Amino acid sequence: MRGAQAERQMQQSEVGGSPSVLLVEAFYGGSHKQLIDLLKENTDGCSLFTLPAKKWHWRARTAALYFSQTIPACSSYSLVSDVVVFNSRFNMESFLSSILSFMKKIPDHRPKNLDRLIRPKCVVLSYPVQFPDVSSLLPEHKLRHLCRSAETLQSDHRIFKAQTSQPQTSRCEEDPVQSSSEPRSVLTPVQHSESVDQVNPLHIVWPHRWEHDKNPEMFFNTLIKLKEKQLDFKLSVLGETFTDVPEIFSSSQHLLQSHILNWGFLSSKDQYLKVLCDADVVVSTSKHEFFGVAMLEAVHCGCFPLCPKALVYPEIFPDQYLYSTPEQLCKRLQELCRIPDIARRHIVMVDTSLYSWTSLKPQFQALLSVESP
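Predicted model, so just to flag it, every value in this text is computed and none were measured.

1. As for the overall build of the protein
The number of helices and strands found in the protein is 15 helices and 11 strands. For the protein, buried positions account for 47% of its 373 residues. Taking contacts inside the protein between residues at least 6 apart in sequence as the whole, the part at least 24 apart equals 78%. Roughly 19,300 Å² of accessible area belongs to the protein as shown, and the carbon and sulfur atoms make up 52% of that amount.

Right, dumping it as structure tokens:
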């Protein structure tokens, strides 16, 4: 099935009857597709309309016009929202705060006080990640040391919770390695005097979409500086590619060839998770991010995170994992390249279970229930 016929097939499913829930996704790919598929699988009476994952800037600007002409009218749903859901507080505040400046672009007859009208409808509900059991994919040193440290984790979250207004609840299990799909949240320090893996170079992973908003230029420029300093490291660059791939990828592949372990999109989820499990550090250089599924997936697989001190990241990651400038990122990676055990022995103070489908499912079910307003 190709061309327009394939696109029509993607645009809608389960149309007919009287659906109680209408799911609309203008960028049906990556984490957007994961969420929509998860909600569709767990919600009865769904009707789904999508567009292929291409040119997301244009999808954001114009998809509503397209859907207004293609989604058939139905008495069981309304296209006027009762609740506006955001996956992070940053997402919500950046949307509401930009309404006024956007309205000022209208020459006359501007709507007034839209932010005040919309805000009472707004709620923040984190993206629900389906964290798989990765114990069979973990290398020996992670499998031995990856476990729950409930007392440390809960103490940390009491502090971190006070610094952020996002409601959180901690959950813990007796057996840290044995659960089927529950997230593993922390790495416990090794008590041995000698690391089993200190001789292996630091493995850095960048698991993001290959587009300019993920700022690959900053990432690769940082790695080239590490190479110039003759620091040893290994590199995996994953993530989906679309129509226009920034030139920095091809030039950096050539310059960093001797460091590369994996390059390009992995269609197998198990292969993708295996690379995350093998990696030591996961880096984000994004200029645009409302949640960051890939970063949490990597933390779930035992990676030490380094993120910008901006966007959504301060809501999820404590200060020790945040950097403010390219120079700070480079300095942190230099330190980790010289002593990889800093990352390998570290307790990652992020409880991924707070963002799991297991934890968030009741809230999504209540949101999508027929009884909802």
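Having seen the structure, we can now continue with the description.
2. Quick word on the sheet that holds strand β8 (residues 260–263)
Spatially, the 6 strands line up as an open sheet ordered β8-β7-β6-β9-β10-β11, and their pairing is parallel. Two strands lie at the open edges of the sheet, namely β8 and β11 (322–323), each paired on one side alone. Bridging between strand β9 (residues 281–283) and strand β10 (residues 304–308) involves 3 bridges; their strand directions are parallel. Note that in β10 the partner of Val283 across the bridge is Leu306. In the packing of helix α8 (residues 216–228) onto the sheet, the strands contacted are β6 (202–206), β7 (233–237), β8, β9 and β11, and the crossing angle to β7 comes to about 160°. Against the sheet, helix α10 (residues 269–278) engages β6, β7 and β8, with an angle of about 140° to β6.

3. Brief notes about the pairing of strand β3 (residues 46–52)
Put simply, side chains in a regular strand alternate between the two faces of the sheet. Along β3, 7 of the 7 residues are buried, which leaves the element largely enclosed by surrounding structure. The handedness of the strand β2 (residues 21–28) to β3 crossover, carried by helix α2 (residues 30–41), is right-handed.

4. Topic: helix α15 (residues 357–368)
Of the residues making up α15, those classed as buried are Trp357, Leu360 and Phe364. Mapping the buried residues of α15 onto a view down its axis gives an arc of 75°, with all of them on the same face. Each element contacted by the buried residues of α15 is listed here: α2.

5. Remarks on the packing of α10 against helix α11 (residues 293–300)
Interhelical geometry of α10 versus α11 gives an angle of 65° and a closest axis separation of 8 Å. Classified by the interaxial angle, the pair formed by α10 and α11 is roughly perpendicular. Two packed elements cross with a definite hand, and for α10 against α11 that hand is right-handed. From α10, Lys269, Tyr272 and Leu276 reach across to α11, where they touch Ala294, Glu297 and Ala298. Its residues assigned to classes, the contact of α10 with α11 comprises 4 nonpolar, no polar and 2 charged.

6. Some words on a nonpolar patch on the surface
A contiguous nonpolar patch, built from Val83, Val85 and Val123 and spanning about 180 Å² of accessible area, is present on the exposed surface. As for its placement among the helices and strands, Val123 is situated in strand β5 (residues 122–124).

7. What to know about the pattern of salt bridges
Taken as a whole, this structure holds 10 salt bridges when the rule is applied. Residue Asp37 is joined to Lys33 by a salt bridge in which the shortest nitrogen-to-oxygen separation is 2.7 Å. Here Asp37 and its partner Lys33 are both found in helix α2, 4 residues apart, which amounts to about one turn of the helix. When its relative accessible area of 32% is taken as the criterion, Lys33 is described as partly exposed. A salt bridge links Lys214 to Glu289; the shortest N-O distance between them is 2.8 Å. Residue Lys214 is found in the loop between β6 and α8, and its partner Glu289 is found in the loop between β9 and α11; the two are separated by 75 residues along the sequence. Residues participating in the shared-partner salt-bridge network are Arg209, Glu211 and Asp213.

8. Concerning unusual backbone geometry
A positive phi angle, close to 50°, is found at His109, a residue other than glycine. Structurally, His109 is set in the loop between α4 (89–103) and α5 (114–118). Positive phi, close to 60°, is recorded for Gln230, a residue that is not glycine. Its location among the elements puts Gln230 in the loop between α8 and β7. A residue is classified by how much of its surface remains accessible, and Gln230, at 74% relative accessible area, is exposed.

9. What to know about the nonpolar core
Ranked by size, the top nonpolar core spans 66 residues in total, and within it Ile204, Phe219, Leu223, Leu226, Val281, Phe317 and Leu333 carry the most contacts. The contacts of Phe219, once residues within four sequence positions are left out, are Ile204, Trp206, Leu235, Val237, Val283 and Thr285. In terms of nonpolar packing, the next biggest core, distinct from the first, is built from 12 residues, Val21, Tyr28, Leu125 and Trp357 among them.

What counts, and at which threshold
- Residues numbered from 1 in each chain as written.
- Predicted model: local features only at pLDDT ≥ 70, side-chain atom pairs only at ≥ 80, totals over all residues.
- Heavy atoms only, no water.
- Helix = DSSP H or I, 4+ residues; strand = E, 2+ residues; numbered from the N terminus.
- Buried < 20%, exposed > 50% of the residue type's maximum accessible area, 1.4 Å probe, protein only.
- Contact = heavy atoms within 4.5 Å.
- Areas by Shrake-Rupley, 256 points an atom, 1.4 Å probe, with all protein chains shown as cover.
- Pairing = 2+ DSSP bridges.
- Axes fitted to C-alpha atoms, helices over the stretch in contact; angles between N-to-C directions.
- Right-handed = clockwise from strand over helix to strand, strands pointing away.
- Arc of directions from axis to C-beta.
- Parallel < 35°, antiparallel > 145°, perpendicular 65-115°, else oblique.
- Left-handed = near helix turned anticlockwise from the far one by under 90°.
- Nonpolar A, V, L, I, M, F, W, Y, C, P; charged D, E, K, R; others polar.
- Patch = residues over 30% accessible without salt bridge, like charges linked within 9 Å, V, L, I, M, F, W, Y side chains within 5 Å.
- Salt bridge = Lys/Arg side-chain N within 4 Å of Asp/Glu carboxyl O.
- Core = buried A, V, L, I, M, F, W, Y, C linked by side-chain atoms within 4.5 Å.

Fair warning: the whole summary comes from geometry, so function is off the table for now.
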